[in-house]
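Observations on the model geometry
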Amino acid sequence: KAGVTQTPRYLIKTRGQQVTLSCSPISGHRSVSWYQQTPGQGLQFLFEYFSETQRNKGNFPGRFSGRQFSNSRSEMNVSTLELGDSALYLCASSGGLASSSYEQYFGPGTRLTVT
Amino acid sequence: AQTVTQSQPEMSVQEAETVTLSCTYDTSESDYYLFWYKQPPSRQMILVIRQEAYKQQNATENRFSVNFQKAAKSFSLKISDSQLGDAAMYFCAYVKGGSEKLVFGKGTKLTVNP
């Protein structure tokens, strides 16, 4: 099975712009979660989608949003970028609660740099 | 709120030796799962091992094993016969049953010396 894929791998944006990141889960996985990784804050949960519905959301401002499509692919959007949004954004997929293992498999990440 | 603490920012081990990474967590839940993830310099997060809270038996995956002490809320990772490829950041993570929200520790950087 192919693993989780994320595009693009690297992005450089300017303050005030917006950005969209994409994630394709492992085939058959229906749950997609997003995490932000920074040296200062570590790994923080952004949100989780299952069957096109956001089920859980972390403590991030409304500038961070996401969605999931019927094929389980997910996108996250960050509007009005700030310097502090520079981070590695990781996507993870799992079989969802039905799998009962709660194992999440991560993609390679998108490195976002805001200048 | 659940928290995960890794008290060792850095550890080192000689190749072929054994090393133990520490993790403690805080939760009032009875249904939860614990994980160790490895993040090498490539930044790809790799699942190393999983432990269900309801299982008393410690999980083992080849050279990796855990010491799960539920009452003490401790979840350490033992790596036996350490290899150069084991060098990475190791993250301890917790998830409550019924949720997909992983809570991570700050990580331990493991160096393997030849």
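In case you missed it, the structure is sitting above this.
Residues numbered from 1 in each chain as written. Chains lettered and ligands numbered in written order. Predicted model: local features only at pLDDT ≥ 70, side-chain atom pairs only at ≥ 80, totals over all residues. Heavy atoms only, no water.

Moving on: the overall build of chain B. In terms of regular secondary structure, chain B is built from 0 helices and 12 strands. The order of helices and strands in chain B, counted from the N terminus, is β-β-β-β-β-β-β-β-β-β-β-β. For chain B, whose C-alpha radius of gyration is 14 Å, the value lies close to the compact-globule estimate of 13 Å for 114 residues. Taken over the C-alpha atoms alone, chain B extends approximately 40 × 25 × 20 Å along its principal axes. Within the structure as shown, chain B displays about 5500 Å² of accessible surface, and the carbon and sulfur contribution to it stands at 45%. (Helix = DSSP H or I, 4+ residues; strand = E, 2+ residues; numbered from the N terminus. Rg over C-alpha atoms; globule rule 2.2 N^0.38 Å. Areas by Shrake-Rupley, 256 points an atom, 1.4 Å probe, with all protein chains shown as cover.)

Taken as a whole and judged by the stated rule, the model has 10 salt bridges over all chains. Glu75(A) is paired through a salt bridge with Arg73(A); the nearest N and O atoms lie 3.3 Å apart. Here Glu75(A) falls in the buried class, since its relative accessible area comes to 16%. Arg73(A) gets classed as partly exposed once you look at its relative accessible area, which sits at 24%. Three or more residues joined by partner-sharing salt bridges are found here, namely Glu103(A), Arg50(B), Glu52(B) and Lys55(B). (Salt bridge = Lys/Arg side-chain N within 4 Å of Asp/Glu carboxyl O. Buried < 20%, exposed > 50% of the residue type's maximum accessible area, 1.4 Å probe, protein only.)

This part takes up the packing of aromatic side chains. Each pair of aromatic rings is reported with the distance of its centres and the angle of its planes. Residues and elements named next belong to chain B. Here the structure, examined in full by the defined rule, presents 16 aromatic pairs over all chains. With a centroid separation of 6.2 Å and 25° between ring planes, the pair formed by Trp36 and Phe75 is classed as stacked. Linking Trp36 in strand β5 (residues 32-39) with Phe75 in strand β9 (residues 74-79), this pair joins segments that are 39 residues apart in sequence. Assessed through its relative accessible area of 0%, Trp36 is described here as buried. (Phe/Tyr/Trp six-rings, centres within 6.5 Å; stacked < 30°, edge-to-face > 60°.)

Here we come to the layout of surface pockets. One number sums up the size of the largest pocket: a volume of about 500 Å³. Taken together, 22 residues form the lining of the largest pocket, with Phe45(A), Gln2(B), Lys101(B), Leu102(B) and Val103(B) sitting closest to its centre. Elements with a contribution of two residues or more to the lining of the largest pocket: β5 (42-50) of chain A together with β1 (3-5), β10 (88-96) and β11 (103-104) of chain B. Ranked by residue count, the leading element in the lining of the largest pocket is β5(A), at 4 residues. The class makeup of the residues in the lining of the largest pocket is 9 nonpolar, 10 polar and 3 charged. (1 Å grid on protein atoms, 1.4 Å probe; cavity = no way out; pocket = protein on both sides within 12 Å on 5 of 7 lines; lining within 4 Å. Points joined across faces, edges and corners; volume = space filled by probe spheres on them. Nonpolar A, V, L, I, M, F, W, Y, C, P; charged D, E, K, R; others polar.)

Right, let's talk about the state of the cysteines for a bit. What the rule picks out here adds up to 2 disulfides over all chains. In this model Cys23(A) forms its disulfide with Cys91(A); the gap between the sulfur atoms is 1.7 Å. Measuring handedness by torsion sign, the sulfur bridge of Cys23(A) and Cys91(A) sits at about -55° and is left-handed. Pair noted here: Cys23(A) is in strand β3 (residues 19-24) and Cys91(A) is in strand β9 (residues 87-94), with a separation of 68 residues, a long-range link. With a relative accessible area of 0%, Cys91(A) lands in the buried category. Paired by a disulfide, Cys23(B) and Cys92(B) hold their sulfur atoms 2.0 Å apart. (Disulfide = S-S within 2.5 Å.)

Here we come to the interface of chain A and chain B. Contacts between chain A and chain B engage 27 residues on the former and 20 residues on the latter. Taken together, the two surfaces of chain A and chain B that pack against each other cover about 2000 Å², and 52% of this comes from carbon and sulfur. Looking only at chain A, the three residues that lose the most surface to chain B are Leu43(A), Tyr102(A) and Phe106(A), adding up to 33% of its buried area. Linking chain A with chain B are 1 salt bridge, by the criterion used here. As a salt-bridge pair, Glu103(A) and Arg50(B) come within 2.2 Å of each other at their nearest N and O atoms. Inspection of the chain A/chain B interface yields 12 residue pairs in polar contact (both at pLDDT 80 or more). For the side of chain A that touches chain B, the secondary-structure elements that each account for two or more residues are β4 (31-38), β5, β6 (53-57), β9 and β10 (105-106) of chain A. (Contact = heavy atoms within 4.5 Å. Buried area = accessible area lost by both parts, 1.4 Å probe. Polar contact = N/O pair within 3.5 Å; in protein donor to acceptor, adjacent residues only side chain to side chain.)

With 26 residues, the main nonpolar core has Tyr25(B), Trp36(B), Phe75(B), Leu77(B) and Tyr90(B) as its most contacted residues. Going through the elements one at a time, β3 (19-21), β5, β6 (46-52), β8 (64-69), β9, β10 and β12 (108-113) of chain B are the ones with two or more residues in this core. With 4 residues, β10(B) is the single largest residue contributor to this core. If we ignore the near neighbours within four places in the chain, the residues touching Leu77(B) are Val19(B), Thr20(B), Leu21(B), Trp36(B), Ile49(B), Phe64(B), Ser65(B), Val66(B) and Tyr90(B). Counting residues in each nonpolar core, the second largest holds 21 residues, with Cys23(A), Phe60(A), Val78(A) and Val114(A) among its members. (Core = buried A, V, L, I, M, F, W, Y, C linked by side-chain atoms within 4.5 Å.)

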